[in-house]
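# Descriptive analysis of the structure
Here is what each chain is made of, one letter per residue.
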Amino acid sequence: MARVSLTVNGKAVTADVDPRTLLVQFLRENLRLTGTHVGCDTTQCGCCVVHVNGKAIKSCTILLLQAEGADVRTIESLANGSELHPMQEAFRQNHGLQCGFCTPGMIMTAIDIVHRKGHELADRTIREELEGNLCRCTGYHNIVKSIAAGAKAMAGPTSAKAAE
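Residues numbered from 1 in each chain as written. Predicted model: local features only at pLDDT ≥ 70, side-chain atom pairs only at ≥ 80, totals over all residues. Heavy atoms only, no water.

## Here we look at the overall build of the protein chain
What counts, and what does not: Elements are defined by DSSP. Helices are runs of H or I of four residues or more, strands are runs of E of two residues or more, and each kind is numbered from the N terminus. Every radius of gyration here is taken over C-alpha atoms, with the globule rule written as 2.2 Å times N^0.38, N being the number of residues.
Regarding its fold elements, the protein chain presents six helices and five strands. In sequence order, the protein chain lays out its α and β elements as β-β-α-β-β-β-α-α-α-α-α. Taken against the 2.2 N^0.38 rule, which gives 15 Å for 164 residues, the C-alpha radius of gyration of the protein chain at 16 Å falls within 12% of a compact globule. Summarising its shape, the C-alpha atoms of the protein chain cover approximately 55 × 30 × 25 Å along the three principal directions.

Below, the structure written as structure tokens:
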């Protein structure tokens with residue numbers, strides 16, 4: 001067993017774990033943060049995307065021990081009580097989900113895209129940036145539309161009014 005300490009969704013966490021434990025396993029099985037999904041176990045689908053130290057990563061590709069001392073944020077950290085994060089709200093308003101399995105990873109990836117690329121995103125940019133996220137239900141049209149709307153909403157009310 002190995003001891004690991006990190007911060008998950010703003011809370012300090014310390015645990016003794018098997019050194020082979022993946023971050024996604026720890027989040028789901030130990031912390032019961034089941035919004036992070038396991039879709040493929042081969043880093044191809046993006047259902048397990050979380051933020052580690054502010055950057056989107058596929059949590060099935062990193063050992064928990066590699067996250068020692070890191071700040072990890074999952075989909076559960078986004079909403080403020082019953083108030084959804086602007087990207088979550090954009091997915092709801094623009095029907096950016098169907099079965100919902102890929103949605104947490106899509107939203108976490110989308111927020112990372114906004115942090116890296118800004119609040120005005122072209123459809124082509126969004127589609128290129130989503131290359132590592134698979135949705136088996138939709139044609140991506142409403143996902144792209146949701147991300148564009150969410151990006152603008154993340155800029156705040158001033159930017160949203162200017163866009164109107």
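## Section: the confidence of the model for the protein chain
For clarity, the threshold we go by: Per-residue confidence from the predictor is reported as pLDDT, which spans 0 to 100. Only heavy atoms enter the contact rule, under which two residues are in contact if any of them lie within 4.5 Å.
Of the residues in the protein chain, 96% have a pLDDT of 70 or more, and the chain-wide mean is 93. Note that pLDDT drops below 50 for residues 159-164; the model gives that stretch four contacts with residues more than four away or on any other chain.

## Let's talk about the packing of helix α2 (residues 86-93) against helix α5 (residues 141-154)
Spelled out, the test is: Orientation is described by axes fitted as lines to C-alpha atoms, over the contacting stretch for helices, and by angles from 0 to 180 degrees between their N-to-C directions. Small angles under 35 degrees read as roughly parallel and large ones over 145 as roughly antiparallel, with 65 to 115 read as roughly perpendicular and the rest as oblique. For a crossing to be left-handed, the near helix must be turned anticlockwise from the far one by less than a right angle; the clockwise case is right-handed. Residues are grouped as follows: Ala, Val, Leu, Ile, Met, Phe, Trp, Tyr, Cys and Pro are nonpolar; Asp, Glu, Lys and Arg are charged; all remaining types, including Gly, are polar.
As a packed pair, α2 and α5 sit with axes 8 Å apart at the nearest point and diverge in direction by 140 degrees. Taken together, the axis directions place α2 and α5 in an arrangement best described as oblique. Relative to α5, α2 is oriented so that their crossing is right-handed. Contact residues: α2 offers Pro-86, Met-87, Ala-90 and Phe-91, while α5 offers Ile-143, Ser-146, Ile-147, Ala-149, Gly-150, Ala-151, Ala-153 and Met-154. Among the residues making up the contact of α2 with α5, the classes are represented as ten nonpolar, two polar and no charged.

## Quick notes on unusual backbone geometry
We apply this condition: Buried residues are those whose accessible area, probed at 1.4 Å on protein chains only, stays under 20% of the maximum for their type, while exposed residues exceed 50% and partly exposed ones sit between those limits.
One non-glycine residue, Asn-53, adopts positive backbone phi at about 50 degrees. Position of Asn-53 among the secondary structure elements: in the loop between β3 (49-52) and β4 (55-58). When its relative accessible area of 53% is taken as the criterion, Asn-53 is described as exposed.

## Some remarks on the sheet that holds strand β2 (residues 11-17)
The test is simple: Pairing between two strands requires that DSSP report at least two bridges joining them.
Spatial strand order, β2-β1-β5-β3-β4: five strands in an open sheet with mixed pairing. Whereas interior strands pair on both sides, the edge strands pair on one side only; in this sheet they are β2 and β4. Here the strands of the sheet are splayed against their neighbours by 40 degrees on average, with no regard to which way each runs. Bridge count between β3 and β4: four bridges; the pairing is antiparallel. Paired with His-51 across the strands is Ala-56, a residue of β4.

## Examining the side chain of Asn-9
The test is simple: Counting of polar contacts relies on pairs of N or O atoms within 3.5 Å, with two restrictions inside protein: one atom must be capable of donating a hydrogen and the other of accepting it, and residues adjacent in sequence are counted only when both atoms are side-chain atoms.
Examined against the element boundaries, Asn-9 turns out to sit in the loop between β1 (2-8) and β2. At 2.8 Å, the side chain of Asn-9 and the backbone nitrogen of Thr-74 are in polar contact. If we skip the residues at most four places from it in the chain, Asn-9 touches Leu-33, Val-72, Arg-73, Thr-74, Glu-76 and Ser-77.

## Here's the deal with the environment of Ile-111
Residue position: Ile-111 is located in helix α3 (residues 103-117). Overall, the relative accessible area of 3% leaves Ile-111 in the buried class. Remark: the alpha-carbon pair of Ile-111 and His-51, spanning 60 residues in sequence, is separated by 9.4 Å. Those residues in contact with Ile-111, other than ones at most four positions away along the chain, are His-51, Leu-78, His-85, Met-87 and Met-154.

## Observations regarding the environment of Leu-64
Its location among the elements puts Leu-64 in the loop between β4 and β5 (71-73). The exposure class of Leu-64 is buried, given its relative accessible area of 0%. The spatial distance from the C-alpha of Leu-64 to the C-alpha of Leu-27 is 9.3 Å, given a sequence separation of 37 residues. Dropping the residues within four chain positions of it, Leu-64 is found in contact with Val-4, Leu-6, Val-17, Thr-21, Leu-22, Leu-23 and Phe-26.

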